[in-house]
Amino acid sequence: MRNITKIFGHLKANDAVDFKLREKSIHGLLGENGAGKTTLMNVLYGLYRQEEGEIYIHGQKTDISSPLKAISSGIGMVHQHFMLARPLTVVENIMLGRKSSRGIFLDTKKVAAEIRELSDKYHLMVDPYARIWQLSVGEQQRVEILTTIYQGANILILDEPTAVLTPQEAETLFSILRQMRDDGKSMILITHKLEEILSVVDDVTILRDGKMINSLKVTPATTKEELSRLMVGRDVLFDFYPVAVKPGKERISMKNLSVRNDKDFSAVRNFSLSVAEGEIVGLAGVDGNGQKELAEALTGLRPAEGGLIFINGKEAVNKPPVFYINEGVAHIPEDRQSMGLAMGFCVSKNLVIKRFYQQPYAKNGLLNYKNIKDHAKKMIQDFQIKTNSTEDITRDLSGGNQQKVILARELADDPSVLIANQPTRGLDVGATEYVRSRLLEARSKGSAVLLISADIEEIIQLSDRIAVIYNGELMGVLPKGSQPEAIGLLMMGKRQGDNASVKENY
Amino acid sequence: MKKIVKVLFVLLVLSLLVATTVSAADEKLKVALILPGQADDMSFNQAMYDAMMQVADEYADKIEVTVVEKVYEVADIEPALMDFASQNYDIIFGHGFQFQEPLIAVAEMFPETAFCLGTGYLTLPNTAVYDVELDTGGYLMGVLAALMSETGKIGVVGGADVSEIFRGHEGYKYGAKSVNPDIVIEEVYTGDWNDSAGAKEAAISMYDDGVDIIWHSGDGIGLGVLEAAKEKGKFALGNVADQHSLAPDNVLSGVVYQWAPIIKNIIDDVISGAFFKTDPLFYWINIPNDGLTYASYYELSDKVPAEVQAQVEQTFKDLKDKKIVMPDFEAAK
Amino acid sequence: MPVSKKIIKITQAIFPALLMVAGALLSGAVLIVIAGNDPIAAYKALLEGAFSNSYRISETFVKAIPLMLMAQGISIAFKNQIWNIGAGGQFTIGTILSVVVCLYFKLPPIPTIILSFIFAFIGGALWGGLAGWLKARFNANEVITTLMLDYIATFLLAYLVYGPMMDPNGFGYPQSAVIEKVLRLPKLIVGGRLHAGLFVAIAILLLMILFWRSTLGFKIELAGQGNDVSRYAGINNKKIIIVAMLLSGGLSGIAGWNEIHGIHFRLMTDLAGSYGSIAIVIALLGNLNPLGIAISAYFFSVLIVGGNTMQNLTGIPYSLVDIIQGLIVVFVITRTAFKAESIQSFFRKRRYQHNG
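In what follows, the accompanying structure is described. Source: prediction; values computed, not measured.

## Some words on a positive patch on the surface
Moving on, step 1. Side chains of Lys373(A), Lys377(A), Lys6(C) and Lys9(C) sit close together on the surface and give a patch of like positive charge.
Moving on, step 2. At the level of elements, α13 (369-382) of chain A together with α1 (2-34) of chain C are the ones that each hand at least two residues to the positive patch.
Moving on, step 3. Position of Lys9(C) relative to the elements: it lies in helix α1.
Moving on, step 4. Using a relative accessible area of 53% as the deciding quantity, one classes Lys9(C) as exposed.

Below, the structure written as structure tokens:
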């Protein structure tokens, strides 16, 4: 791809970007959120049309006007959000939208056989007749990969493929990718995780602010620091190991807590854990194992089916959300856009949605806009929120700045307890670093922090104790400094010395 | 002193009257008709609209006519009346009882303008009410229905039980009994002139009960009755306008309002000045004054035996010549 | 700098509305040309119809009062993301209770007027609040319930004027007796219908501006931002839905009170006419902002009054006004797209150019 420029309105998402993919290689595309990685790949896949520049495939100038064209040119894309019909089987999904060799009849058997062959070849371990909803996230991803290969792709684009995987699943994926490379295929791996670049990628191209910064071969000598400097444009602090503070008294505890999810299935079972003043307890787990339901139960947003919750020593189970707010339980929700923020509100209003009726923001039932605004100005400064004014609509802020608004609101009053659910998900390196440092600061100010995260590295870096949740159950609590592999095993539902595989979580 | 004032006052009134008649003689009268619904509603609005157009042709040298339709909002009536009054219109027709209050209010402000209210009861010296005397029309329909019924059961569906509708229904029953004293008559008031769904329900249950011909005395409800007749394949009798085209196979005939004669009366009275001298002033349409006729049988003519046709025609003539006189239904009520 | 910033902000706020109105008027003009008429003459007639004499000018306010009151009420529900489309029914209940108080309570004039106001407010509030309660309690779709309650109110009114409340001296016409002269709102101009209800409307407008600066207004707005975020912020959504619908209906009830004491003086069928639906468009065109609603209510009443007179005097059909109204509805519906894309980026570009 030469000199690719793509403009959205006033924004140059790609600015004269050159990108070269060698045959038989895995190429990392590295950059912060909003650096233009996905845009560039969408241009390659025919979803967007570039304003300038050309695309050459195997040396031939190719005009990719639509995904269909891309597919016929041998380009396939595995999206971050899977494009699969959940009630259908794997083979049915792959056949969707394709001509059958038997005319108006489906050629299911033939396709299934072909899929099995491909699956065996690359050790994808996909059963063509399994229904999508029965599959784990990792398996669904492999179905997506299979689909693109089946369509004849030689060049695979994978958009943040490990974002939803456990370390073990990610390792499986990487070995599949290596095998496919050895078989002659080329792959582009969109990512902002430096470890992945170092462990699996042959070449790396770094984008920043829509521009191509550098393209280099990855050698054993390549370091994280080097890459991150290229990506962020400055030095980034890694490994800020927390200073051990002696934890104080228990601030939040749960005993045999059970919670149901929206479908009325049991989501959290007999869960017991406590967090003390000045302590960060990390709760590791693959997405969808009850973390969301647990966090909501601990903030009054979801009724508990059984068990007890104590906040600051007070019985709190099934009290309304306002009780938790008044007890100083701060909550960084997993879904920041629909729960954490009123997206249509301006920044200053969002900063007070939990406190607007209290002094100094309101008096005698009337809001005091001046005080609300002054508060916002202070928060914007304290939390380095990038916004034109206090009255900017929150929806228009970037993801990282939206998260900072939530942080500012939740941490402003030095909460007694902080429930942080996936606080750095989807954030770029700079914002992630900032959020983590704030969590540590909250701890040192005495908050009891429950850090729920699927990112093992984050858990290891920040936590004083590490709990692991699997299928709604507490798998165990590990001390600080535990190995990622040990945590990963628990996240997969395997206890130490427990060789029999635990039942899959459907 | 008092006397002088009195004389002056009389002089003033006279001069005003002369002024109006002189100016009226000079140029054509400007006539406005405000309709609360659509001019082609095959009913209340259309009957008046057609009549006004007919008079506008016949009196082309005397009047020029402006028609406004679809004044649905009650709150918009007064400004509409004001629009015409302030544009020096000479006669303004408000076609519906909902015009009553605003019409009286505006008429008070424009004492030299003639205002005509289509049904109602309040009047001022410069206003009049025009209305229908439905009893003779009902009588005629009753005769026709009773003669045509094979089951000996006939029906009548009306909107609200207000005086003219009531008299129409009583006339219908009286007429039917005059040709068949044993006839069974089913009667329903839906309570709302626009409740065509309710009217249809009522009509269907009548037909199911063995009634084979129904007359309706309403507006919107008439459409419901005709729908029912179509659905059940039975006869119905129309009202207000010639409703043949709404259900050609089912509408046997019907009362047709002919407003043209009294519109002409009103215009003549305004020109002569008599309009302003009489209060209260009511203009009625009925069979004797050609205000009510009955609709042609059209292609259903061969379904109506010649002797029935003759008897209906004779009844119409007798009503017209006042040989048949209605009793005072209101008193009997 | 702050002044120009403020101007940009205000322009940004009203620009979409102006664009929509201009678009509607222009498209209307195209249709008039297609229909073979002169658009300039038509719009001139429309403006003359609204402003050519004091009576017509007063009429523009007469019309704007109930429309604005109802639209302010609707805006409370809409900000809460509750689609109250039954303002007409809430209005109707307001008219009924006003007349009931005036005809049957037999109190001195001032207490009667005040009590009538309170009853109209409470009646409208309960009619709206019932839909709110059904939504909070059973998650019944408020579009359905408010619409159904609108029908019920309409038929209740019809039942009353054909039955128990029919004027005993009214020769059987479906209308109630008129309320006494002393109970009518005083007229503000001679010969016109403009009445003291104007002051009530202005007072409500000021109260609404205050309301949106209150903690209750904030709660309603926050709840409208989504169930999750408002629960997260500690708000009892169910309670807020009911409160929002009570207030929303109450304001339409006041509009009903206003029409009884200022215009009709009695009950007749269908007094609400199409006010309920026009008020929705007004609320949306006014961007649910109290001042914006007042302006767009006045704009619509100019359209209506001007359009009626235009039809009466020039014969250009009132359908023109219907079409303009319809076009505005279409533009309002597509506004989200408008707002998100072109207009905002237009202003953003401007701003960046300005800064850079």
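## Points about the packing of aromatic side chains
Moving on, step 1. Within the structure shown, the criterion is met by 25 aromatic pairs over all chains.
Moving on, step 2. Where Phe84(B) meets Tyr89(B), the ring centres are 4.9 Å apart and the plane angle is 80°; that geometry is what we call edge-to-face. There is no split in this pair, since Phe84(B) and Tyr89(B) are both buried.
Moving on, step 3. Ring centres of Phe211(C) and Trp212(C) lie 5.0 Å apart, and the angle between their planes is 70°; this geometry places the pair in the edge-to-face category. Across this residue pair, the class does not change: Phe211(C) and Trp212(C) are buried.
Moving on, step 4. The side chain of Lys354(A) reaches across the aromatic face of Tyr232(C), ending 4.1 Å from its centre.
Moving on, step 5. A cation over a ring is seen here: Arg184(C) above Phe265(C), with NZ or CZ 4.2 Å from the ring centre.

## Topic: the interface of chain C and chain A
Moving on, step 1. The interface of chain C with chain A comprises 22 residues on the first partner and 32 residues on the second.
Moving on, step 2. Across the chain C/chain A interface, buried area totals approximately 2400 Å², and carbon plus sulfur atoms make up 63% of it.
Moving on, step 3. Across the pair Glu221(C) and Lys349(A) runs a salt bridge whose closest N-O atoms are separated by 3.6 Å.
Moving on, step 4. Viewed at the interface, chain A and chain C are joined by 8 residue pairs in polar contact (both at pLDDT 80 or more).
Moving on, step 5. Secondary structure elements with two or more residues in the side of chain C that touches chain A: α8 (215-224), α9 (227-232) and α14 (335-355) of chain C.
Moving on, step 6. Partitioned by chemical class, the residues of the side of chain C that touches chain A number 9 nonpolar, 5 polar and 8 charged.

## Focus on the pattern of salt bridges
All names here are of chain A.
Moving on, step 1. This structure, assessed with the given rule, holds 52 salt bridges over all chains.
Moving on, step 2. Put simply, Asp127 and Arg116 hold a salt bridge, and the shortest N to O gap is 3.5 Å. A residue pair is termed long-range when its members are at least 10 positions apart, and Asp127 in the loop between α4 (108-121) and α5 (137-150) and Arg116 in helix α4 qualify at 11 residues.
Moving on, step 3. Note on Asp127: relative accessible area 40%, which makes it partly exposed.

## So, helix α12 (residues 290-314) of chain C
Residues and elements named next belong to chain C.
Moving on, step 1. For α12, with 25 residues, the first-to-last C-alpha span of 35 Å sits near the 36 Å given by 1.5 Å per residue.
Moving on, step 2. Taking the backbone nitrogen of Leu291 as reference, a side-chain oxygen 2.8 Å away marks Asn289 as the first, capping residue of α12.
Moving on, step 3. A positive backbone phi angle near 80° is found at Gly315, which sits one or two residues after α12.

## Digging into the pairing of strand β12 (residues 266-276) of chain A
Residue and element names in this part refer to chain A.
Moving on, step 1. Where strand β11 (residues 250-260) lies against β12, 7 bridges are found, and the strand directions are antiparallel. Looking at the pairing, Ile252 lines up with Val275 of β12.
Moving on, step 2. Count of turn residues in the β11/β12 antiparallel hairpin: 5 residues, of which Asp264 carries a positive phi of about 70°.

## Describing the interface of chain C and chain B
Put simply, an interface is often sized by how much accessible area is lost when its parts join up.
Moving on, step 1. On the side of chain B, 30 residues touch chain C, which itself brings 32 residues to the contact.
Moving on, step 2. With both sides pooled, the region where chain C packs onto chain B buries about 2500 Å², and carbon together with sulfur makes up 54% of that total.
Moving on, step 3. The tally of links from chain C across to chain B stands at 4 salt bridges.
Moving on, step 4. A salt bridge links Arg193(C) to Glu78(B), with the shortest nitrogen-to-oxygen separation between them at 3.8 Å.
Moving on, step 5. Inspection of the chain C/chain B interface yields 11 residue pairs in polar contact (both at pLDDT 80 or more).
Moving on, step 6. At the level of elements, α3 (54-79), α6 (142-162) and α12 of chain C are the ones that each hand at least two residues to the side of chain C that touches chain B.
Moving on, step 7. Per-element accounting of the side of chain C that touches chain B gives the leading share, 6 residues, to α12(C).
Moving on, step 8. Taken together, the residues of the side of chain C that touches chain B sort by class into 13 nonpolar, 13 polar and 6 charged.

Quick notes on the rules
Residues numbered from 1 in each chain as written. Chains lettered and ligands numbered in written order. Predicted model: local features only at pLDDT ≥ 70, side-chain atom pairs only at ≥ 80, totals over all residues. Heavy atoms only, no water. Patch = residues over 30% accessible without salt bridge, like charges linked within 9 Å, V, L, I, M, F, W, Y side chains within 5 Å. Areas by Shrake-Rupley, 256 points an atom, 1.4 Å probe, with all protein chains shown as cover. Salt bridge = Lys/Arg side-chain N within 4 Å of Asp/Glu carboxyl O. Lys, Arg positive; Asp, Glu negative; His and termini not counted. Charge placed at Lys NZ, Arg CZ, Asp CG, Glu CD. Helix = DSSP H or I, 4+ residues; strand = E, 2+ residues; numbered from the N terminus. Buried < 20%, exposed > 50% of the residue type's maximum accessible area, 1.4 Å probe, protein only. Phe/Tyr/Trp six-rings, centres within 6.5 Å; stacked < 30°, edge-to-face > 60°. Lys NZ or Arg CZ within 6 Å of the ring centre and 35° of its normal. Contact = heavy atoms within 4.5 Å. Buried area = accessible area lost by both parts, 1.4 Å probe. Polar contact = N/O pair within 3.5 Å; in protein donor to acceptor, adjacent residues only side chain to side chain. Nonpolar A, V, L, I, M, F, W, Y, C, P; charged D, E, K, R; others polar. Expected span 1.5 Å × (residues − 1). Pairing = 2+ DSSP bridges.

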